[in-house]
Amino acid sequence: MLINCFLKQKLSYNQIEYYSNTVFLLISSYILFTNHYNIHYDFSIHIMKYYICLDLLFIPYSKFDMILHHIFTIIAINYIESNDIDLSTNYFALSQLYNLETTNIFLGLMVYLK
């Protein structure tokens, strides 16, 4: 995990997995809500970006596919932000990204179902 580069006492993923998935479930639920009702796109994209940046610090290096997924999502969000795309009128691309993220609710629930 990247966070271990900054800490004296190293963390293991098992120590933070429950908390990480709880926050993940809350963020995914909010994204599902905003996508279903077509509201708060300007705010939710920032929440998603900051969550993904923070979550990158806690992903184990063995989950390389998840790291790439986070990096590509950040790139897509940066593209939207850098081109000043009005999300209230052009929400289709972000809606497709959010549809992908709504499937992650099931990943967040796996901790509770174990």
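1. Let's talk about the packing of helix H1 (residues 13–37) against helix H5 (residues 104–113)
One can describe the packing of H1 onto H5 by two numbers: an axis separation of 8 Å at closest approach and a directional angle of 145°. Our pair here, H1 against H5, has a crossing hand that is left-handed. Here H1 contributes Glu17, Tyr18, Asn21, Thr22, Phe24, Leu25, Ser28, Ser29 and Leu32 to the contact with H5, which in turn contributes Asn104, Ile105, Leu107, Gly108, Leu109, Val111 and Tyr112. Here the contact of H1 with H5 is built from residues that sort into 9 nonpolar, 6 polar and 1 charged.

2. Some words on a nonpolar patch on the surface
Taken together, the side chains of Tyr18, Tyr19, Phe106, Leu109, Met110, Tyr112 and Leu113 define a hydrophobic patch exposed on the protein surface, amounting to about 790 Å² of accessible area. Mapped by element, the contributors of at least two residues to the nonpolar patch are H1 and H5. Looking at the nonpolar patch, the element that brings in the most residues is H5, giving 5 residues. In this structure, Met110 sits in helix H5.

3. Notes on the layout of surface pockets
If you add up the space inside the largest pocket, you get close to 480 Å³. Every residue lining the largest pocket is counted, 26 residues in all, and those nearest its centre are Asn21, Phe24, Met66, His70 and Leu107. Secondary structure elements with two or more residues in the lining of the largest pocket: H1, helix H2 (41–56), helix H3 (64–82) and H5. Considering every element that reaches the lining of the largest pocket, the biggest residue donor is H1, with 8 residues. Across the lining of the largest pocket, the residue classes tally to 13 nonpolar, 7 polar and 6 charged.

What counts, and where the lines are drawn
- Residues numbered from 1 in each chain as written.
- Predicted model: local features only at pLDDT ≥ 70, side-chain atom pairs only at ≥ 80, totals over all residues.
- Heavy atoms only, no water.
- Axes fitted to C-alpha atoms, helices over the stretch in contact; angles between N-to-C directions.
- Helix = DSSP H or I, 4+ residues; strand = E, 2+ residues; numbered from the N terminus.
- Left-handed = near helix turned anticlockwise from the far one by under 90°.
- Contact = heavy atoms within 4.5 Å.
- Nonpolar A, V, L, I, M, F, W, Y, C, P; charged D, E, K, R; others polar.
- Patch = residues over 30% accessible without salt bridge, like charges linked within 9 Å, V, L, I, M, F, W, Y side chains within 5 Å.
- Areas by Shrake-Rupley, 256 points an atom, 1.4 Å probe, with all protein chains shown as cover.
- Salt bridge = Lys/Arg side-chain N within 4 Å of Asp/Glu carboxyl O.
- 1 Å grid on protein atoms, 1.4 Å probe; cavity = no way out; pocket = protein on both sides within 12 Å on 5 of 7 lines; lining within 4 Å.
- Points joined across faces, edges and corners; volume = space filled by probe spheres on them.

Treat this as a map of the structure, not an account of what it does.
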